[in-house]
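Spelled out, the chains give:
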Amino acid sequence: MDVSYILDDLNDAQRQAVTAESQRLLVLAGAGSGKTKVLVHRIAWMIKALNSSTHSVLAVTFTNKAANEMTSRIEQILSQPIPEIWCGTFHSISNRILRRHHVQADLEKDFSILDSDDQLRIIKRIVKRLEIDEDQWPADKVRWQINKWKDDGLRPNKIEDKGDFNIEILKKIYIDYENYMRSENLLDFAELILKSYELIRDNQDLRNLYHKKFKNILIDEFQDTNSIQFSWIKNFTGDGSNITAVGDDDQSIYGWRGAKIENINSFSKEKRTQIIRLEQNYRSTGNILNAANAVIGKNSNRLGKKLWTADSKGDPIHVFEAYSEQEEANFIVDTVVRATEDGDYYKDTAVLYRSNAQSRVIEEFLLRQNIPYIIYGGVRFYERLEIKNVISYLRLVINNNDNNALERAISVPTRGIGQKTLAELRRIADESGLSLFSAAKKVIEEKIFKGKGLNSLTSFINFIEDCSEKLYELPAHEFVEMIINQSGLIDHHMKEKGEKGKIRIENINELISAVKSFAIIHKNDDLSEFDSLIAAFLSSVSLDMGETQANKTDDAVQLMTLHSAKGLEFKTVLIVGMEESLFPHARSVESINELEEERRLCYVGITRARKKLFLTYTEYRRLYGRDSYNPPSRFITEIPDDHIEFIRPKQSFSSGYYGTVAKNKDKIQTLEYALGDNVVHSTFGEGVVLNIEGDGDSSRIQVSFHEVGTKWLVSAYANLKRI
DNA sequence: CCCGATACTTTTTTT
DNA sequence: AAGTATCGGG
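None of these values were measured; they are calculated from a predicted model.

**Student:** How would you sum up the overall build of chain A? Please name residues and give values.
**Tutor:** Helix and strand counts for chain A come out as 26 helices and 22 strands. Computed over the C-alpha atoms, the radius of gyration of chain A is 29 Å, within 12% of the 27 Å expected from 2.2 N^0.38 for a compact globule of 723 residues. Oriented by its inertia axes, the alpha-carbon framework of chain A measures out at about 90 × 65 × 60 Å. With an accessible surface of roughly 32700 Å², chain A has 47% of that area assigned to carbon and sulfur atoms.

**Student:** Can you break down the packing of helix α15 (residues 385–398) against helix α20 (residues 476–486) residue by residue, with the values?
**Tutor:** For the pair α15 and α20, interaxial distance at closest approach is 10 Å and the crossing angle is 110°. In terms of axis orientation, α15 runs roughly perpendicular to α20. Crossing hand, α15 versus α20: right-handed. Contact with α15, carried on its side by Val390, Tyr393, Leu394 and Val397, involves Phe479, Val480, Ile483 and Ile484 of α20 and no other residues of that element. Grouping the constituent residues of the contact of α15 with α20 by class yields eight nonpolar, no polar and no charged.

**Student:** Run through the nonpolar core, naming residues and quoting values.
**Tutor:** Counting residues in hydrophobic clusters, the biggest one holds 55 residues, and the most contacted among them are Tyr382, Phe460, Phe479 and Ile534. In this view, Ile534 contacts Leu394, Ile398, Leu471, Ala476, Phe479, Val480 and Val515; residues no more than four positions away in its chain are not counted. Judged by nonpolar contacts, the second largest core, of 38 residues, contains Ile288, Ala292, Val573 and Leu595.

**Student:** Please set out the protein's contact with DNA strand B residue by residue, giving values where relevant.
**Tutor:** Near DNA strand B lie 23 residues; those nearest to it are Asn64, Arg354, Asn356, Arg380 and Thr561. Residue His585 places a side-chain N or O atom 3.4 Å away from a sugar or linking oxygen belonging to DNA strand B. In this structure, a phosphate oxygen belonging to DNA strand B sits 3.2 Å away from a side-chain N or O atom of Tyr624. When its residues are assigned to classes, the surface near DNA strand B shows six nonpolar, 13 polar and four charged.

What counts, and at which threshold
- Residues numbered from 1 in each chain as written.
- Chains lettered and ligands numbered in written order.
- Predicted model: local features only at pLDDT ≥ 70, side-chain atom pairs only at ≥ 80, totals over all residues.
- Heavy atoms only, no water.
- Helix = DSSP H or I, 4+ residues; strand = E, 2+ residues; numbered from the N terminus.
- Rg over C-alpha atoms; globule rule 2.2 N^0.38 Å.
- Areas by Shrake-Rupley, 256 points an atom, 1.4 Å probe, with all protein chains shown as cover.
- Axes fitted to C-alpha atoms, helices over the stretch in contact; angles between N-to-C directions.
- Parallel < 35°, antiparallel > 145°, perpendicular 65-115°, else oblique.
- Left-handed = near helix turned anticlockwise from the far one by under 90°.
- Contact = heavy atoms within 4.5 Å.
- Nonpolar A, V, L, I, M, F, W, Y, C, P; charged D, E, K, R; others polar.
- Core = buried A, V, L, I, M, F, W, Y, C linked by side-chain atoms within 4.5 Å.
- Buried < 20%, exposed > 50% of the residue type's maximum accessible area, 1.4 Å probe, protein only.
- Near = heavy atom within 4 Å.
- Polar contact = N/O pair within 3.5 Å; in protein donor to acceptor, adjacent residues only side chain to side chain.

Structural data, given as structure tokens:
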């Protein structure tokens, strides 16, 4: 069969990467150079041209989204479904292995996975129980340390306290935490990876099995791997297997959560590692790319890569200095309006910022002009309070001994079982070595409590037991519906005032449909690793927290942080708030490593743009309830002048350390208006020119609009017509 | 148990 | 500024 079609449509470097026979391959893929394409085509090539079995492939990603996209693209190329391929996140593949070999891993079959919220709650309780000073060892710090240890592959017995009192305490908590997790049959995210790593490392049979199976191992976003993930990969690599790592050291922006950029370096230095660079960019114009290259060029210790494009230079990069964040937001609105007038969709434009708090003002202005927008980030579906509540009930019904679930379920909605009753129940459970559920039954049988407490407890326990009986009788979604109605959760949210309760109930109903569609999607799958469909659903929920926002509007301006923009592209990109202290963030400027990560973040932001790039900063901004005057970001000055066009140049009155960025004054285009002119704006309507600011050639113009009041506009961008 | 007052924090986020 | 955590009173 002719398989050359897989190689059509690839450039030389891409083709080399797809067909490379080396056992160790590192593909350094610059932004927009076809990274996913290479990965997907390489897998297709292995299967079609080299006759590798789909079972021999292990493809690892960081997000479910990436894994799903990869699978469906491979299926598309092969024109056949490949449900048996192991393509998933580090966590989901670890989960799969641990469920499959739970006996060897010394786990119960039905272990549950905790999210970091639950993890925190547990640590809090342990710290309290050990009577450790919570002010000196706050739970979130302890959690961070425990996760760091796990990410470094360290069990408590490998931690030396060297007489350090602080570490001694932390280690004590770590040990207690591990014991608790084991007794409760719980795994946290870090544990999934560490445990599966240890399992394969220490079990000769399994190691042989997987070495034989996984002949083709591929890792996406390799620059984001942490220590344990790197070891985890190595663990699966036998003599006959080959590894393909794809990544970009210049896009490493998750160092702060443990990603080790060094992994790329050390992999590249291993003998026999072949390195292929993908340097042709298919996304951005010449100006955008050169700007990106110039900025990232200021970093040290790069593996080195120079992106180029066959595209023309395109528009210059526009830099806009606003007086305030309001004016900045106004400029964003103007830019969006102009783009749509040129025929763009709203969704072609993205606004990127360093921190979430910056979105507020922008939202306000977009809302006021009735421009649809969508914000990425924030609370995800399965993290919502009301959803977590329902999930707790499901967990408790499936596993009565899930103390964590019981603690949450028993107190929402309130049912006359308060902290005092609960504390007493915990004490009894601790004393008798029973789970909370069993302790509650004991309390009821032996009538240890009396009056209201006993009644409430009895009806709660009865309810859970009734549900357990119906677990196998009802279709999954009806079962969930029953729990929701009979638990009192709906009534509880009905009582909430305002829109809040309504939204919560809507979300809960959405959960029912999620269960329904889960049942449909997996109706042909082998779910023998689970006792019930609900159990399978819960396991998938903890590894895929769901989209941040349902697709309310299809065509909307995209608002997100620079971090969440990684991997995406837009025709027009605005990077806003480009000021020292904001971007680079004040907390990052002290250390070179952190500053360089900020710079990579800037590189990521710039390379998101296909055609147009706008950078904006303000002279004045209210930050944390305070007035702040920060100089423009150093990253702006790192872009060569001749790629930039400054809109409304103005001597910044706080232009201190980094010099003024207002250069190229002569390039500004302005339009002539006179005070009192009647003008019309495409969205604001008709108005009168009140004020013109600027020396000679005005660059800003104040207009009193009949409909929307007085506004300052940039004349070059205001798109006003005289009437 | 719910409420309001008060103190405190404030970068980025996936699993 | 604004959100969250904690505590004490009703």
